[in-house]
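Overview (structure and organization)
Residues per chain are reported as follows:
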Amino acid sequence: RSQEPYGGGEIVALASRNAISQKYSLLRYYYTKLYEVSLYGGSVFTPLFFEYPEDEKAYQARNDTFLIGTGLLVAPVIYQGATEVNVYLPNENWWGHLSRHQYSTYNPNAKEGITIIVPASFEYVHALFRGGSIIPYQNALAAKVRRTELLRYLPMEIIIAPNGKGSAYGSLIVDDGDSVNPIKNLAYRQISFSFSLEKLTLGVNVLNDYPNHFMFEKFSTLTILGAEKLAHKPLACIKGKDAFLAEVKGKYDETRRILTYYISQASFYWSDITTITFEAQCTKESTYQANIIFILLFLHLSLIHISEPTRRYAISYAVFCLKKKKH
């Protein structure tokens, strides 16, 4: 009998296609974690108790679940004929990676987590986002992606899953996908993300850069899970190093408490961003605008005391700043 997925009939073929699509959806995350292990050492796949060494139940669940990186918990069906799966979740925020349903909420007074029961689906693998993580995601399942090359053109979503303290951290590493030894040649882009619910900011820091970009690296979708505290801060104010880049109005799902910001065709990449603030109203004044205000004030106060060449130079620089801001 054929050992290929299609040899088991349509139900096995469907399960295989969905599992592959799930893997493709998270491929940016996997690739980043593999890169980080190559750069800094460590392990990509770990048992749950590695992250929760003082939680006895996390140790007891060592044969039932595992972590990919530190942000994704996988709970596979491992017993034949099972109709449901018991999943132990340590004391933290946890969300289903497909449903975005919040299964667990951090309790500052608890030492242990909870056990949830999920159906043993044959169509997909249960996986959960851990609070404190920022994960790059591409919906390969909806786009029906069949080859990894096509992911270069599929829009990327950055998912923020805050922990109990309202913080989250993550990273993204991208190379050209073709060259030999890009680490040695520094032919890769490494971006770190840092989110603070208290400060209402997402910091974006480029740790290593190189000239080329793929289409998926453009800003497309930013999703914040557990975002009820941001419901009244609907605007994402996106700022670059020297200029204001965009103002994006978020869409809040009150039932699931998810806030989503979306641009269909952004002109800028994630590596162009330095800070995103979440506000009721964006302050769009850039460095160039501040320079113009300073120059005009200088001209006004020093009208009598400055020479004509100095005045002309100041006006020329103000015009330059206006043109820079326009572009």
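As a further point, take the sheet that holds strand E12 (residues 188-196). The eleven strands are arranged E16-E15-E19-E13-E12-E11-E9-E10-E14-E18-E17 in an open sheet whose pairing can be described as mixed. Bordering the open sheet on either side are strand E16 (244-249) and strand E17 (251-253), each of which pairs with just one other strand. For this sheet, the mean inter-axis angle between neighbouring strands, taken without regard to orientation, is 20°. Sheet analysis places strand E10 (residues 157-161) next to strand E14 (residues 221-225), joined by four bridges and oriented parallel. In the sheet register, Ile 159 faces E14, and the bridge partner there is Thr 223.

In this section: the state of the cysteines. All chains considered together, the criterion is met by one disulfide. Sulfur-sulfur distance for the disulfide between Cys 237 and Cys 282 comes to 2.0 Å. Sign of the S-S torsion, about -90° for the bond between Cys 237 and Cys 282, identifies this disulfide as left-handed. Here Cys 237, found in strand E15 (residues 235-240), pairs with Cys 282, found in the loop between strand E19 (273-279) and helix H5 (287-301); they are 45 residues apart in sequence, far enough to count as distant. The exposure class assigned to Cys 237 is buried, which follows from its relative accessible area of 0%. Overall, the relative accessible area of 10% leaves Cys 282 in the buried class.

The next thing to look at is the sheet that holds strand E6 (residues 102-104). Pairing in this open sheet of six strands is antiparallel, and the strands run E1-E2-E3-E8-E5-E6 from one edge to the other. Of all strands in the sheet, those bounded by a partner on one side alone are strand E1 (45-46) and E6. Pairing analysis gives three bridges linking strand E2 (residues 66-68) to strand E3 (residues 72-75), with the strands arranged antiparallel. By the bridge assignment for E3, Leu 67 is matched with Leu 73.

In terms of nonpolar packing, the biggest core is built from 34 residues, with Phe 195, Leu 202, Phe 219, Leu 222, Trp 270, Ile 276 and Phe 278 touching the most fellow members. Leaving out residues up to four positions away in the same chain, Leu 202 has contacts with Ile 134, Ile 160, Phe 193, Ser 194, Phe 195, Leu 222, Trp 270, Thr 274, Thr 275, Ile 276 and Phe 278. If you look at the next biggest cluster of nonpolar residues, it comprises 16 residues, including Leu 26, Phe 129, Ile 135 and Tyr 137.

Attention now moves to the side chain of Ser 25. Note on placement: Ser 25 falls in helix H1 (residues 10-25). In contact with Ser 25, not counting residues within four places along its chain, are Pro 136, Tyr 137, Gln 138, Asn 139, Ala 140 and Leu 141.

Our focus in this paragraph is the packing of aromatic side chains. Following the criterion strictly, the structure yields twelve aromatic pairs and no others. Here the aromatic rings of Phe 195 and Phe 278 are separated by 6.1 Å at their centres, their planes lie at 70°, and the arrangement is edge-to-face. Pair noted here: Phe 195 is in strand E12 and Phe 278 is in strand E19, with a separation of 83 residues, a long-range link. Among the residues examined, Phe 195 registers a relative accessible area of 1% and is labelled buried. On the basis of relative accessibility, which here comes to 1%, the residue Phe 278 falls in the buried class. On the numbers, 5.8 Å between centres and 15° between planes, the contact of Phe 214 with Phe 216 is stacked. With a relative accessible area of 1%, Phe 216 lands in the buried category. The structure contains a cluster of three or more aromatic residues connected by ring pairs, namely Phe 193, Phe 219, Phe 268 and Trp 270.

This part covers helix H2 (residues 27-40). For H2, which comprises 14 residues, the first-to-last C-alpha distance of 20 Å matches the rise-based estimate of 20 Å (1.5 Å per residue) to within 8%. Within H2, the full set of buried residues consists of Arg 28, Tyr 29, Tyr 30, Thr 32, Lys 33, Tyr 35 and Glu 36. Of the surrounding elements, those touching the buried residues of H2 are H1, E2, E3, strand E9 (133-137), strand E11 (167-175) and E12. Phi turns positive one or two residues past the end of H2, at Gly 41, with a value near 90°.

Parameters at a glance
- Residues numbered from 1 in each chain as written.
- Predicted model: local features only at pLDDT ≥ 70, side-chain atom pairs only at ≥ 80, totals over all residues.
- Heavy atoms only, no water.
- Pairing = 2+ DSSP bridges.
- Helix = DSSP H or I, 4+ residues; strand = E, 2+ residues; numbered from the N terminus.
- Axes fitted to C-alpha atoms, helices over the stretch in contact; angles between N-to-C directions.
- Disulfide = S-S within 2.5 Å.
- Buried < 20%, exposed > 50% of the residue type's maximum accessible area, 1.4 Å probe, protein only.
- Core = buried A, V, L, I, M, F, W, Y, C linked by side-chain atoms within 4.5 Å.
- Contact = heavy atoms within 4.5 Å.
- Phe/Tyr/Trp six-rings, centres within 6.5 Å; stacked < 30°, edge-to-face > 60°.
- Expected span 1.5 Å × (residues − 1).

The quantities given are spatial measurements derived from coordinates; they are silent on function.
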